[in-house]
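Coordinates in review
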Amino acid sequence: MKFLQWLKFYSLAFFTVRYSREATSRRALNALLGAISAFVLLFGGMMLGYSTSFGTHYKTADEFRDFLYAAFADDSESRIQFSVDDGVPEAAILDRETVNSYRDGVYRRNGYELIIDFRPAGSTFAEFTAYYKSKDGKEITEAEYSELPEDEKSGYSLDIEYSGERLDTSVAHSEYVAYLEGASAEGADGYDEDIASKFAELKEKKEAGELTEAVYADEIYCLYISARYPALAQDAYGGAPTLRSYYMRLLRLDVDSRYMMMLDDRCVCAFVNDKGISMLIDGNYGNANIALTAETAPQDAASALDGFIGGVFSSVRSIDAGLYFVNLMTALPFLLIAFAVTVVVLILAGKFGHSDHVNGVWGALKTVGSFLFVSGAAAFISAIIFSRLFSRSSAYMYTLYVFVAVFAVRTIVQAVIEIVSARKNKQTVRDDLGDDGASVDDGAAPPQEQ
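The present account deals with the structure reproduced in this document. (Residues numbered from 1 in each chain as written. Predicted model: local features only at pLDDT ≥ 70, side-chain atom pairs only at ≥ 80, totals over all residues. Heavy atoms only, no water.)

Attention now goes to the layout of surface pockets. Any empty space left between the atoms is revealed when a probe the size of a water molecule rolls over them. Volume-wise, the largest pocket comes out at about 290 Å³. Lining the largest pocket are 16 residues, with Ala35, Leu332, Leu335, Leu336 and Leu372 sitting closest to its centre. For the lining of the largest pocket, the element with the highest residue contribution is helix H3 (residues 29–59), accounting for seven residues. The residue makeup of the lining of the largest pocket, split by class, is 16 nonpolar, no polar and no charged. (1 Å grid on protein atoms, 1.4 Å probe; cavity = no way out; pocket = protein on both sides within 12 Å on 5 of 7 lines; lining within 4 Å. Points joined across faces, edges and corners; volume = space filled by probe spheres on them. Helix = DSSP H or I, 4+ residues; strand = E, 2+ residues; numbered from the N terminus. Nonpolar A, V, L, I, M, F, W, Y, C, P; charged D, E, K, R; others polar.)

Here is the structure:
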């Protein structure tokens, strides 16, 4: 029953002066509840709008879907056979193990690029060439860098150029070992106690049979990178530059943001629909089981692909919710400033108009707080509409603007009402005290008794 009364108050306070003035006699807790309800409505509207609008954006992305169907549902020998079983992806690709259309253009279509590589991210190292780059963009080789005076070296930073190929750590294994032996020789130039300790530990594990040849080669390579290029050992996915890092660099450099990247544990799609709205999904295969074989009919494959994309999108719904929550918390200072400004406006209006209904800071705060519930409801509806008309980031910003604008405008209306009402009341009092509008206080003499 109390909830219904509260709901009635906050619904009507926005639309009627009577209920908005009632806010000043209520506890400040009501303003807090109004703020919480507005936050919930903002969050819910953004999540619901984003979740329900994805299908619309995907269905109107004709070029992106044509790109997908050409790669996975085309009735030709080059068609990619693809399956996901219990979250594990597999692909059979004609005459190749992976796909990277950024390099060779294979499977590129309508400006969209395709990357497929299901090899483990942490152990799929990348071939690269190291070089040094100055602050003004000048590039020099390692050999040229080593010949520079020590005071000039500080003006250069290490960078690498990827070849796009996987590095076989066994090929130059002897070279890596020789370098580590030099770095482990006590008293020699370049001796590193930490590297020496780790190198000795690896050799002991290898002799004890704890490491396979392949794992040992990878570990030696990572230690070599750590010794020779310490900065490169900080790769986000492994102990040395990986193809995963190379792929992520390609995506960052793709200014058009039109691609699909399928890796062992994630699937990232960036596309633009026919209205020019950009969409990005970064999910996993947990909700995206699919089986496309050479016998799958093209129309069935296309339908399965649509379901697969939807599954990838829904796989990270909880993460999306967390992002919206964090973004709203980040926007909280802006919202609080807007709220404070409107409270100040109402306080000034109350003082200027000598209003009895806005009595100081608490009265103004509780009055503005009574407008937040309906403002949140307006933002909720706006979020759903904006999510269909704009990109995710734009819809988020426009929704916040609507929320602030609604309670700000309503506060200004309340301020005007208080000023006008107070002046009318003052004039009425004056009229009641004297026919000419002069009161005793204005200096008019009282009537004489006969």
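Moving on, there is more to tell.
As a further point, take the sheet that holds strand S11 (residues 290–292). Strands belonging to one sheet form pairs held by backbone hydrogen bonds; the direction of such a pair is parallel or antiparallel. Read across the sheet, three strands follow the order S2-S1-S11 without closing on themselves; strand pairing throughout is antiparallel. With one partner strand each, in any of the chains shown, strand S2 (88–92) and S11 form the two edges of the open sheet. Neighbour-to-neighbour, the strand axes of this sheet turn through a mean angle of 20 degrees, independent of strand direction. As paired strands, strand S1 (residues 81–85) and S2 are joined by five bridges and run antiparallel to one another. Looking at the pairing, Val84 lines up with Pro89 of S2. On top of the sheet, helix H12 (residues 298–314) reaches S1 and S11; it is set at about 150 degrees to S11, its chief contact. (Pairing = 2+ DSSP bridges. Axes fitted to C-alpha atoms, helices over the stretch in contact; angles between N-to-C directions. Contact = heavy atoms within 4.5 Å.)

This part takes up the sheet that holds strand S7 (residues 156–166). Here three strands make up an open sheet; going across it, the order is S6-S5-S7 and the pairing antiparallel. Each edge of the open sheet carries a strand with a single partner, namely strand S6 (139–141) and S7. Between one strand and the next, the sheet's axes are offset by a mean angle of 40 degrees, whatever the strand orientation. Against the sheet, helix H11 (residues 243–253) contacts strand S5 (126–134) and S7, and its axis sits at roughly 100 degrees relative to S7.

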